[in-house]
Amino acid sequence: MKIKNILISQNEPADFEKSPYAELKRKYSINIDFYKFFKIESVTAIEFRKSKVNILDHQAIIFSSKTTIDHFFNLCTSMRLNMPESMKYFCTTEAVAFYLQKYIQYRKRKIFAAKDSMPESLHELLLKNKDLNMLIPCGQDGVNQQLINFLDEKGIKYDPAMVFVTSPADLKANIDITKYDMIIFFSPNGVKSLQVNYPDFQQGEVAFGALGTTSVKAIEAAGWKAHVVAPTKEFPSITHAIDAFLKEYAIRRR
């Protein structure tokens, strides 16, 4: 297995040259392309009300991504809801917590961020606030099962709240999938999109990378193998994990 062309199944960073991907490209003389594997659309206020979930019945919100934050506050705007000053926010990473500044006054709110991207760090924060009724904005695939298991085990009240839906993008019209030696997935939706677009796809010698346990499980459920996995204690980010993999498998161009 030799790697020279990598496909990242999400949009290119706004400033690619300052991103970890640019460093990987320079370090190993590889080609890295970006293409979002699926489309995301906000749930309408009418659709959300059918779920019978009352946002303001909760004292805390758990956010797992910037995308979830965007669609949650878009929904709140359409429903003319303002978050109370007492609302607490629990975020899976510091980057997600920092992104909340786009919608709320950071210093005036109670925002908690996991120290690292490992689930245990978030669990520790939630356990200290176990008496709160939690809201978990998510997509149509629901909430991370590991988080659900933890909340159920500790008797923490929560409600999932679907704030966006996803659908596969048209990959065949925009990319040549046979060109790539490695594909990186960030959610089960990306794996599903590959299956929908290429129902006869065979992994063969193509290396797969996965961010998060749900992505790994989706790859394995499809009968494929995840060669690169993050976050782990050794590799806290997907780019760290890719770096370690490329040390052995990258084709260095001369």
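Residue positions are counted from 1 within each chain, in the order its sequence is given. Where totals are concerned, whole chains, interfaces and linings use all residues; where local detail is concerned, this predicted model gives features only for residues with pLDDT of at least 70, and gives and counts side-chain atom pairs only at 80 or more. Each side-chain value is worked out from all heavy atoms of the structure, with water and hydrogens disregarded.

Participant: Can you explain the sheet that holds strand S6 (residues 110–113)? Please cite residues and give values.
Facilitator: Paired strands, as defined in this entry, are two strands with at least two bridges between them according to DSSP. Numbering goes from the N terminus for both helices and strands, where a helix is a DSSP run of H or I of at least four residues and a strand is a run of E of at least two. Strand order in the open sheet formed by five strands is S6-S5-S4-S7-S8, with parallel pairing between adjacent strands. Looking along the sheet, the strands with just one partner apiece sit at the ends: S6 and strand S8 (158–162). Ignoring strand direction, the axes of neighbouring strands in this sheet form an average angle of 25°. As judged from the four bridges shared by strand S4 (residues 60–63) and strand S5 (residues 88–91), these two strands associate in the parallel manner. Opposite Phe 63, over in S5, you have Cys 91 as the bridge partner. Along the sheet face, helix H6 (residues 145–154) touches S4, strand S7 (134–138) and S8 and points at about 155° away from the line of S8. In this analysis, axes come from line fits to C-alpha atoms, helices being fitted only over the stretch in contact, and the angle between any two N-to-C directions falls in the range 0 to 180 degrees. Throughout, a residue-residue contact means that at least one pair of heavy atoms, one from each residue, lies within 4.5 Å.

Participant: Just give me the short version of the pairing of S4, but keep the residues and values in it.
Facilitator: Residues of S4 alternate between two faces, with Ala 60 and Ile 62 on one and Ile 61 and Phe 63 on the opposite face, all of them buried. The handedness of a crossover follows from its direction of travel: if, with the strands pointing away from the viewer, the path from the first strand over the helix to the second runs clockwise, the crossover is right-handed. The parallel pair S4 and S5 is bridged by helix H3 (residues 66–78), and the resulting crossover is right-handed. Examined bridge by bridge, S4 and S7 share two bridges and lie parallel to one another. Each bridged residue has a counterpart across the sheet, and for Ala 60 the counterpart in S7 is Met 134. Throughout, exposure labels follow a simple rule: accessible area from a 1.4 Å probe, protein chains only, divided by the maximum for the residue type, with under 20% read as buried, over 50% as exposed, and the rest as partly exposed.

Participant: Tell me about the sheet that holds strand S1 (residues 5–8), residues and numbers included.
Facilitator: Strand order in this open sheet of five strands is S2-S1-S10-S11-S12, and the pairing throughout is parallel. The open sheet terminates on both sides in strands that have one partner only, identified here as strand S2 (31–34) and strand S12 (228–230). Adjacent strand axes in the sheet meet at a mean angle of 15° when their direction is disregarded. Relative to strand S10 (residues 182–185), S1 runs parallel, the two sharing three bridges. Across the sheet, the residue bridging to Ile 6 is Met 182, located in S10.

Participant: Go over the packing of helix H1 (residues 20–28) against helix H9 (residues 238–249), please, and point to the residues and values.
Facilitator: With their axes 10 Å apart at the nearest point, H1 and H9 run at an angle of 10° to one another. The orientation of H1 with respect to H9, classified from their angle, is roughly parallel. Here Pro 20, Tyr 21, Leu 24, Lys 27 and Tyr 28 of H1 lie close against H9, whose contacting residues are Ile 238, Thr 239, Ile 242, Asp 243, Leu 246 and Lys 247. Of the residues in the contact of H1 with H9, the class split is seven nonpolar, one polar and three charged. These descriptions rest on fixed angle ranges, namely under 35 degrees for roughly parallel, over 145 for roughly antiparallel, 65 to 115 for roughly perpendicular, and the rest for oblique. Residues are sorted three ways: Asp, Glu, Lys and Arg are charged, Ala, Val, Leu, Ile, Met, Phe, Trp, Tyr, Cys and Pro are nonpolar, and all the rest, Gly among them, are polar.

Participant: Before we move on, could you go through the packing of aromatic side chains and cite the residues and values that matter?
Facilitator: Only Phe, Tyr and Trp rings are paired, with Trp represented by its six-membered ring, and only when their centres lie within 6.5 Å; those with planes under 30 degrees apart are stacked, over 60 edge-to-face, the remainder tilted. Overall, the coordinates contain 14 aromatic pairs when judged by the stated rule. Between Phe 63 and Phe 72 the ring centres are 5.5 Å apart and the planes differ by 70°, which places this aromatic pair in the edge-to-face class. Given a relative accessible area of 0%, Phe 63 falls into the buried group. When the centroid spacing of 6.2 Å and the interplanar angle of 10° are considered together, the rings of Phe 63 and Tyr 89 count as stacked. Here Phe 63 is found in strand S4, whereas its partner Tyr 89 is found in strand S5, with 26 residues between them in sequence. Tyr 89 gets classed as buried once you look at its relative accessible area, which sits at 0%.

Participant: Can you lay out the packing of helix H5 (residues 119–127) against H6 for me, pointing to particular residues and giving the numbers?
Facilitator: Relative orientation and spacing of two packed helices are given, respectively, by the angle between their axes and the distance between those axes. It is at 11 Å that the axes of H5 and H6 come closest, and there the two elements cross at 30°. Seen from above, H5 lies across H6 with right-handed handedness. Side by side, H5 and H6 meet where Pro 119, Leu 122, His 123, Leu 126 and Leu 127 of the first sit next to Gln 146, Leu 147, Phe 150, Leu 151 and Lys 154 of the second. Handedness of a helix crossing follows the sense of rotation of the near helix relative to the far helix, less than a right angle counterclockwise being left-handed and clockwise being right-handed.

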